[in-house]
Amino acid sequence: MTPTLTDPFGRHIEYIRLSVTDRCDLRCFYCMPEGFTDFETPEHWLTFDEIERVIAAFGRLGVNRVRVTGGEPLVRKELPQLTSRLSALPGVEDLSLSTNAVQLAKYSEVLRRGGVQRLNVSLDTLKPERFKAITKGKLEKVIEGLMAAKAAGFNPIKINMVVMKGVNDDEVEKMVDFCLKHGFTLRFIETMPMGDTGRNASDQYIDLQIIKKRLMQRYDLVPGVMPGGGPARYMKVAGTDLNIGFITPMSQHFCETCNRVRLSVDGTLYMCLGQDHNFELRPLLRNGISDSELEAAIIKAMALKPERHEFSDKPGQVVRFMSMTGG
Ligand code: SF4
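Now for a quick tour of the structure. Please read these numbers as outputs of a predicted model, since none were measured by experiment. Residues take numbers from 1 onward in each chain, read along the sequence in its written order. pLDDT decides what is reported in this predicted model: residues at 70 or higher carry local features, side-chain atom pairs at 80 or more are listed and counted, and totals for whole chains, interfaces and linings draw on all residues regardless. Neither water nor hydrogens contribute to the side-chain values; these are computed over all heavy atoms in the structure.

Concerning the packing of aromatic side chains
Piece 1. Paired rings are identified among Phe, Tyr and Trp, the last through its six-membered ring, by centres lying within 6.5 Å, and are further divided according to the angle between planes into stacked (under 30 degrees), edge-to-face (over 60) and tilted (the rest). A full pass over the atoms with the stated rule returns five aromatic pairs.
Piece 2. An angle of 90° between the planes, with centres 5.1 Å apart, marks the rings of F36 and F39 as edge-to-face.
Piece 3. Per-residue accessibility, obtained with a 1.4 Å probe over protein chains only, is compared with the maximum for each type, and a residue is labelled buried under 20%, exposed over 50%, and partly exposed between these values. Residue class for F39 comes out buried when judged on its relative accessible area of 16%.
Piece 4. For the pair F36 and F321, a centre-to-centre distance of 5.2 Å together with 85° between the ring planes defines the contact as edge-to-face.

Thoughts on the environment of R233
Piece 1. Looking at the secondary structure, you find R233 in strand β10 (residues 233-237).
Piece 2. Note on R233: relative accessible area 30%, which makes it partly exposed.
Piece 3. C-alpha of R233 to C-alpha of L221: the two residues are twelve residues apart in sequence and 12 Å apart in space.
Piece 4. Every residue pair with non-hydrogen atoms within 4.5 Å of one another is taken to be in contact. Other than its neighbours up to four places away in sequence, R233 contacts I244, G245, F246, T248, Q252, H253, F254 and E256.
Piece 5. Nitrogen and oxygen atoms within 3.5 Å of one another constitute a polar contact, given that in protein one can donate a hydrogen and the other can accept it, and given that sequence-neighbouring residues count only through two side-chain atoms. Only 2.9 Å separates the side chain of R233 from the backbone oxygen of Q252, close enough to count as a polar contact. Strands are runs of DSSP state E lasting at least two residues, helices are runs of H or I lasting at least four, and both sets are numbered from the N terminus onward.

Considering the environment of G35
Piece 1. Assignment of secondary structure puts G35 in the loop between β3 (15-19) and α1 (48-60).
Piece 2. Accessibility expressed as a relative area gives 59% for G35, which makes it exposed.
Piece 3. For the pair G35 and L123, spaced 88 residues apart in sequence, the C-alpha separation works out to 22 Å.

Structural notes on the sheet that holds strand β5 (residues 94-99)
Piece 1. Should DSSP find at least two bridges between two strands, the strands are regarded as paired. Pairing in this open sheet of twelve strands is mixed, and the strands run β9-β10-β11-β8-β7-β6-β5-β4-β3-β12-β13-β14 from one edge to the other. Since the sheet does not close on itself, it has two edges, and those belong to β9 (221-223) and β14 (278-280), each with one partner. Between one strand axis and the next, the sheet turns by 25° as a mean value, whatever way the strands run.
Piece 2. Where strand β6 (residues 118-122) meets strand β7 (residues 157-162), four bridges bridge the pair, whose relative direction is parallel. Within β7, the residue paired with L119 across the bridge is I157.
Piece 3. Along the sheet, helix α6 (residues 172-182) makes contact with β7, β8 (185-189) and β11 (243-247), crossing β8 at roughly 155°. Lines are fitted to the C-alpha atoms to define the axes, a helix being fitted only along its stretch in contact, and any angle between axes, read from their N-to-C directions, falls within 0 to 180 degrees.

A look at the state of the cysteines
Piece 1. When two cysteine sulfur atoms are found within 2.5 Å, that pair is recorded as a disulfide. Enumeration over the complete set of coordinates arrives at zero disulfides.
Piece 2. C28 provides the cysteine sulfur closest to C179, a residue in no disulfide bond, and the two sulfurs are 17 Å apart.

A closer look at the packing of α1 against helix α2 (residues 79-87)
Piece 1. Axis separation between α1 and α2 bottoms out at 10 Å; the angle between their running directions is 25°. Considering their axes alone, α1 and α2 lie roughly parallel with respect to each other. Taken as a pair, α1 and α2 cross one another with a handedness that is right-handed. In this structure, α1 contributes F48, D49, I51, E52 and I55 to the contact, and α2 contributes L79, Q81, L82, R85 and L86.
Piece 2. Taken together, the residues of the contact of α1 with α2 break down into six nonpolar, one polar and three charged. An angle counts as roughly parallel when it lies under 35 degrees, as roughly antiparallel when it exceeds 145, as roughly perpendicular when it falls between 65 and 115, and as oblique in every other case. The crossing is said to be left-handed when, going from far helix to near helix, the turn is anticlockwise and less than a right angle, and right-handed when the turn is clockwise. Gly falls in the polar group here, along with every residue not listed as nonpolar (Ala, Val, Leu, Ile, Met, Phe, Trp, Tyr, Cys, Pro) or charged (Asp, Glu, Lys, Arg).

A short note on the layout of surface pockets
Piece 1. For cavity detection a 1 Å grid was placed over the protein atoms alone, and a set of points counts as a cavity when a 1.4 Å probe fits there but cannot get out; an open set counts as a pocket when protein lies on both sides within 12 Å along at least five of seven lines, with lining residues being those that have an atom within 4 Å of a point. Grid points are joined across faces, edges and corners, and a volume is the space filled by probe spheres set on the points. In this structure, the second largest pocket occupies an estimated 150 Å³ of space.
Piece 2. Every residue along the wall of the second largest pocket is listed here: D22, D38, F39, E40, S264, V265, D266, Y270, R320 and M324.
Piece 3. Among the residues forming the lining of the second largest pocket, the class breakdown is four nonpolar, one polar and five charged.

Here you go:
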């Protein structure tokens, strides 16, 4: 029987978010500061062999869901090689990728063939000028990437929209219609005070309960369900296939059912998005730790996992940017 990883609060850890880079080809103002250059140095990046060893160890401990993220994972060279190695690991049952889709048109086919099953794509607006203002990038690249992913057979494709007051909250209905038209799943996300950028964006915070009520005036929303190990609470547009997820870390947190940990590009295991509790695996990996010792270290590290985030009580607590662990 596969052992399971449990934290001090009795929560079963079955999901690991793997950040393969802290770099990105966009600069979303609520995530990474413009002109930021203090990235992790390449010699500290876990190699593909080291990543495979860690994910295999987690797999043997019953963690069978793996999400590859960044920064932007597609800026890491040879990423499709890594995803096909991870999808071949015995313990990995669900391999997904979070991306900003800027390079997705180029990689969709090879990622799909290499075992990536699901995609989450960040998209906060459908207006090219507003997209440029939020991300410093080009919207058409993202739309091209989405259409290529659809053509490659990815399903579901989930759209993640960070809803911000006075920035894009006037577009939620348009985004619903866009997802209805293309058969995408839509998730709305509240801003979180991660790093200075996240804290600055707190002025644009909007409680998603308000957005849900607004959408109920226009769409017949009924309770919905979607596969995946994430925190979204879903509603469905009646008579359609469209599921709309609400990810509400601020207004209605989901920590009591937390099932995940995060591995950053330099091999640091973060126990919680909203806290700094962590455990360094890289020194152990580079000092010849055995597979069974690695499993024992992971089990020991779970004791560090905190009960919940304190975004509301201590908004200044988390210094690192979202891009360092990939949401
Ligand atoms: S904030 Fe921390 S405890 Fe809460 S769901 Fe996220 S990772 Fe889990």
